[in-house]
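Residues per chain, in single letters:
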Amino acid sequence: MADVTAAMFGGALGCMGPILAVGTGYMCGCSPDSRGTGIEVPRQPVGTIAMFGALICASSAAFGALAFGTVAAGVAVGAVASVLVTSTSVNDMLHRREMLSHSLEDTGYERRQ
């Protein structure tokens, strides 16, 4: 039973981590917005990343709970996996922003603030 409980917590962490991180990036202006520039930088599929993050974190939390025998240890393992998935998602978002800024510099487009 500890593995199921830990998997539920791990899955929630793995799903919400990328969504919150990329949502914060959208609000803070860290996410690339290529509308009106003529340059296509595809948006990050954050829903897909969140679902796979939930799958990865739930699985690792369940295995952690089975290995250590406690829910707390399983949730901790799931939280570590969530940090890894979220950091990968943020890294991809920042890489896309950098691609867009370099493309805009190459074309001489001045972005209006």
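J.: Explanation requested: the overall build of the protein in the structure shown.
T.: The helix and strand inventory of the protein stands at 3 helices and 0 strands. Ordering the α and β elements of the protein from the N terminus gives α-α-α. Out of the 113 residues belonging to the protein, those deemed buried represent 35%. Long-range contacts, defined as pairs at least 24 residues apart, comprise 78% of the intrachain contacts of the protein with a sequence gap of at least 6. Carbon and sulfur atoms provide 67% of the accessible area of the protein, an area that totals close to 6,900 Å².

J.: Before we go on, may I ask you to explain a nonpolar patch on the surface in this structure?
T.: A contiguous nonpolar patch, built from Met1, Val4 and Met8 and spanning about 390 Å² of accessible area, is present on the exposed surface. Here Met1 shows up in the segment before helix 1 (2–28).

J.: Would you mind showing me how to read the packing of helix 1 against helix 2 (residues 46–68) here?
T.: Between two packed helices, what matters for the description is the angle formed by their axes and the separation of those axes. Interhelical geometry of helix 1 versus helix 2 gives an angle of 150° and a closest axis separation of 7 Å. It follows from the interaxial angle that helix 1 and helix 2 lie roughly antiparallel. Of the two elements, helix 1 crosses helix 2, and the hand of that crossing is right-handed. Along the contact surface, helix 1 presents Ala2, Asp3, Ala6, Ala7, Gly10, Gly11, Gly14, Cys15, Pro18, Ile19 and Val22, while helix 2 presents Val46, Ile49, Ala50, Met51, Gly53, Ala54, Cys57, Ala58, Ala61, Ala62, Ala65 and Leu66. Across the contact of helix 1 with helix 2, the residue classes break down as 18 nonpolar, 4 polar and 1 charged.

J.: Explain the pattern of salt bridges to me, please; I cannot follow it from the model alone.
T.: In a structure, side chains of opposite charge can pair up when their charged atoms sit close to one another. Taken as a whole, this structure holds 1 salt bridge when the rule is applied. In this structure, the salt-bridge partner of Asp92 is Arg96, at a minimum N-O distance of 2.9 Å. On the criterion of helical spacing, the pair formed by Asp92 and Arg96 is a turn pair, its members being 4 residues apart in helix 3 (residues 71–107). For Asp92, a relative accessible area of 25% corresponds to the partly exposed category.

What counts as what
- Residues numbered from 1 in each chain as written.
- Predicted model: local features only at pLDDT ≥ 70, side-chain atom pairs only at ≥ 80, totals over all residues.
- Heavy atoms only, no water.
- Helix = DSSP H or I, 4+ residues; strand = E, 2+ residues; numbered from the N terminus.
- Buried < 20%, exposed > 50% of the residue type's maximum accessible area, 1.4 Å probe, protein only.
- Contact = heavy atoms within 4.5 Å.
- Areas by Shrake-Rupley, 256 points an atom, 1.4 Å probe, with all protein chains shown as cover.
- Patch = residues over 30% accessible without salt bridge, like charges linked within 9 Å, V, L, I, M, F, W, Y side chains within 5 Å.
- Salt bridge = Lys/Arg side-chain N within 4 Å of Asp/Glu carboxyl O.
- Axes fitted to C-alpha atoms, helices over the stretch in contact; angles between N-to-C directions.
- Parallel < 35°, antiparallel > 145°, perpendicular 65-115°, else oblique.
- Left-handed = near helix turned anticlockwise from the far one by under 90°.
- Nonpolar A, V, L, I, M, F, W, Y, C, P; charged D, E, K, R; others polar.

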